[in-house]
Amino acid sequence: MVNKLKKYRFDELYDMSSGISSKPEQAGHGFPFVSFSTIFNNVFLPNELDELMNTSIKERQIYSVKKGDIFLTRTSETLDELGMSSVALKDYPDATFSGFSKRLRPKEEGLVDSKFIGFYLRSYLFRKAMNNNAIMTLRASFNEQIFSYLELLLPTFEVQCKIGELLYNIYEKIEVCNSLINQIENMSMSIFDYWFIQFDFPNISIKPYKTSGGEMFYSKELNRKIPDGWKTITLGDFCEIYQPKTISQKVMDANASYLVYGSNGIIGKYSKFNHEDSEVVVSCRGACGNIHRTRPKSWITGNSMVFKIKNKNINNEFIYHSLRWLNLKNSSTGSVQGQLTRTNVSVHNIVLPDEKIIKKYNNIVAPLVEKKLLLFAEIDKYQNLLDWLTPLLINGQVTFKEAQKHINQAAEPQEDYG
């Protein structure tokens, strides 16, 4: 049975407000804060807000964060980062939100379900409508004029609640996978820091090298002591660094098989891939310096820079963490739009361990990377189910019973991540 849909303009349902215009000295302490990146990276605001902003009582009243609020990124160097949404599923006492975002607060209760609208606004069709209406001059922007004529097609509130709850069950499975990936990344990061930053890798007596008095010598390139027998090497000599071909948003297809990576992670799907293996990439346009590991068989656009290790015997987890330690955000140039170039990143030096240590490191991290890629595949499976079910449920083209059957099938255990 096809659901009866009603058309609304955004401004019929929500009041729009701008975020706080803060000063740098306010950041990092004080009260919970909803930042641009928190909105961009989360369909729903996380249970705890990690970022802080020192705000006054009046600011916390004006820029408050309450259950049902929608936050949209309002400006960006690229269209794919514009109008990304995150919905508050609870009140956040004393929290405020970024000036690089807009807050949409419901005018009336009982018209829009918070979980439903979270999935609706992240759906391919709405994202496409957003991109078609966005203004792109020097920076992409989302303003109140666009807000006034963007339209939503909604089923009844009762149907929204059922759809929202069902889709949220899938979303929670994705969150479990993300939590496991975070645990793996923390483990991998600890190993890298312990071995290649503190130089306490296991020596021949399986004791921490530096702490046990291992020989060190001064490296003028790194301006620090490194283990005897190790070298320094520039990124340009260590990696093949390049920007792949960029494709237009117009050729992306929500039903295609391969993920597309833009300046800040996944931005869509395409019918072809330009990289067979999982690669380490760094955003080089807009918000520069963010590091991602891509899925195998992905299309990487020119808004990201690929770092491919020339020595194929070294696991690319090593360059993933080396880049994190270098923090290439500081190498960004461009007065209007930030950018990283091969010229300004190639000259950075990193430490190059001897072959025995690299081999031991590979043996430890390779299984971790493999587990992470398996979890990525699980996330993709559930995300594909979300993308497929959302429009069908909204239109009533699939029943709740049929949808639940598909969810149960997807949840059947296939891999051991322990």
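Preceding this paragraph is the structure being described.
Everything numeric in this text was worked out from a predicted model, so none of it was measured. (Residues numbered from 1 in each chain as written. Predicted model: local features only at pLDDT ≥ 70, side-chain atom pairs only at ≥ 80, totals over all residues. Heavy atoms only, no water.)

1. Examining the pattern of salt bridges
Per the counting criterion, the structure on display carries 13 salt bridges. A salt bridge links Asp-193 to Arg-324; the shortest N-O distance between them is 3.1 Å. Of this pair, Asp-193 sits in helix α7 (residues 157-197) while Arg-324 sits in helix α9 (residues 317-326); the two residues are 131 residues apart in sequence, bridging distant segments of the chain. Under the relative-accessibility criterion, Asp-193 is labelled partly exposed at 24%. Its salt-bridge partner being Glu-317, residue Arg-293 comes within 2.8 Å of it at the nearest N-O pair. Here Arg-293, found in strand β20 (residues 291-293), pairs with Glu-317, found in helix α9; they are 24 residues apart in sequence, far enough to count as distant. Both residues of the pair, Arg-293 and Glu-317, count as buried. Overlapping salt bridges, with partners in common, bring together Glu-185, Arg-293, Glu-317 and Lys-372 in one network. (Salt bridge = Lys/Arg side-chain N within 4 Å of Asp/Glu carboxyl O. Helix = DSSP H or I, 4+ residues; strand = E, 2+ residues; numbered from the N terminus. Buried < 20%, exposed > 50% of the residue type's maximum accessible area, 1.4 Å probe, protein only.)

2. A closer look at unusual backbone geometry
At Phe-199, a position not held by glycine, the phi torsion is positive, near 60°. For Phe-199, the position within the fold is in the loop between α7 and β13 (216-219). By relative accessible area, Phe-199 is classed as buried at 1%.

3. Notes on empty space enclosed by the protein
Within this structure, the stated rule accounts for 1 cavity of 30 Å³ or more. For the largest cavity, the calculated volume is near 70 Å³. Around the largest cavity sit Phe-192, Phe-196, Ile-197, Leu-222, Arg-224, Ser-322, Trp-325, Ile-350 and Val-351, which together line it. The set of elements that each furnish at least two residues to the lining of the largest cavity consists of α7, α9 and β23 (349-352). Residues belonging to the lining of the largest cavity are distributed by class as follows: 7 nonpolar, 1 polar and 1 charged. (1 Å grid on protein atoms, 1.4 Å probe; cavity = no way out; pocket = protein on both sides within 12 Å on 5 of 7 lines; lining within 4 Å. Points joined across faces, edges and corners; volume = space filled by probe spheres on them. Nonpolar A, V, L, I, M, F, W, Y, C, P; charged D, E, K, R; others polar.)

4. Points about the nonpolar core
Formed by 88 residues in total, the largest nonpolar core has its most connected members in Phe-238, Phe-307, Ile-319 and Leu-389. If you tally residues by element for this core, the top one is α7, at 16 residues. Residues in contact with Phe-307, not counting those within four places in the same chain, are Leu-235, Cys-239, Glu-240, Ile-241, Val-280, Val-282, Ile-319, Leu-323, Leu-328 and Val-345. (Core = buried A, V, L, I, M, F, W, Y, C linked by side-chain atoms within 4.5 Å. Contact = heavy atoms within 4.5 Å.)

5. A short note on the layout of surface pockets
One number sums up the size of the second largest pocket: a volume of about 400 Å³. Lining the second largest pocket are 21 residues, with Lys-67, Gly-68, Pro-106, Val-112 and Ser-114 positioned closest to its centre. Elements supplying a minimum of two residues to the lining of the second largest pocket: β9 (101-106) and α4 (114-122). Among the elements that line the lining of the second largest pocket, the one with the most residues is α4, at 3 residues. Class assignment for the residues of the lining of the second largest pocket results in 8 nonpolar, 3 polar and 10 charged.

6. Digging into the side chain of Glu-279
Position of Glu-279 relative to the elements: it lies in the loop between β18 (265-270) and β19 (280-283). For Glu-279, a relative accessible area of 4% puts it in the buried group. Of the polar contacts made by the side chain of Glu-279, one reaches the side chain of Lys-308; its length is 2.5 Å. Excluding anything up to four places from it in sequence, Glu-279 contacts His-292, Arg-293, Thr-294, Ile-300, Val-306, Lys-308 and Asn-316. (Polar contact = N/O pair within 3.5 Å; in protein donor to acceptor, adjacent residues only side chain to side chain.)

7. Remarks on the state of the cysteines
Scanning the entire structure with this criterion turns up 0 disulfides. Not engaged in a disulfide, the cysteine Cys-239 finds its nearest cysteine sulfur in Cys-284; these two sulfurs lie 15 Å apart. Accessibility expressed as a relative area gives 2% for Cys-239, which makes it buried. (Disulfide = S-S within 2.5 Å.)

8. Here we look at the packing of aromatic side chains
Here the structure, examined in full by the defined rule, presents 24 aromatic pairs. An angle of 80° between the planes, with centres 5.3 Å apart, marks the rings of Phe-44 and Phe-119 as edge-to-face. With Phe-44 in the loop between α2 (36-41) and β4 (52-53) and Phe-119 in helix α4, this pair connects stretches of sequence that are 75 residues apart. The class for Phe-119 is buried, based on a relative accessible area of 6%. The interplanar angle of 80° and the centroid separation of 6.1 Å between the aromatic rings of Phe-318 and Tyr-361 together place this pair among those described as edge-to-face. In this pair, Phe-318 is assigned in helix α9 and Tyr-361 in helix α11 (residues 355-395), connecting sequence segments 43 residues apart. (Phe/Tyr/Trp six-rings, centres within 6.5 Å; stacked < 30°, edge-to-face > 60°.)

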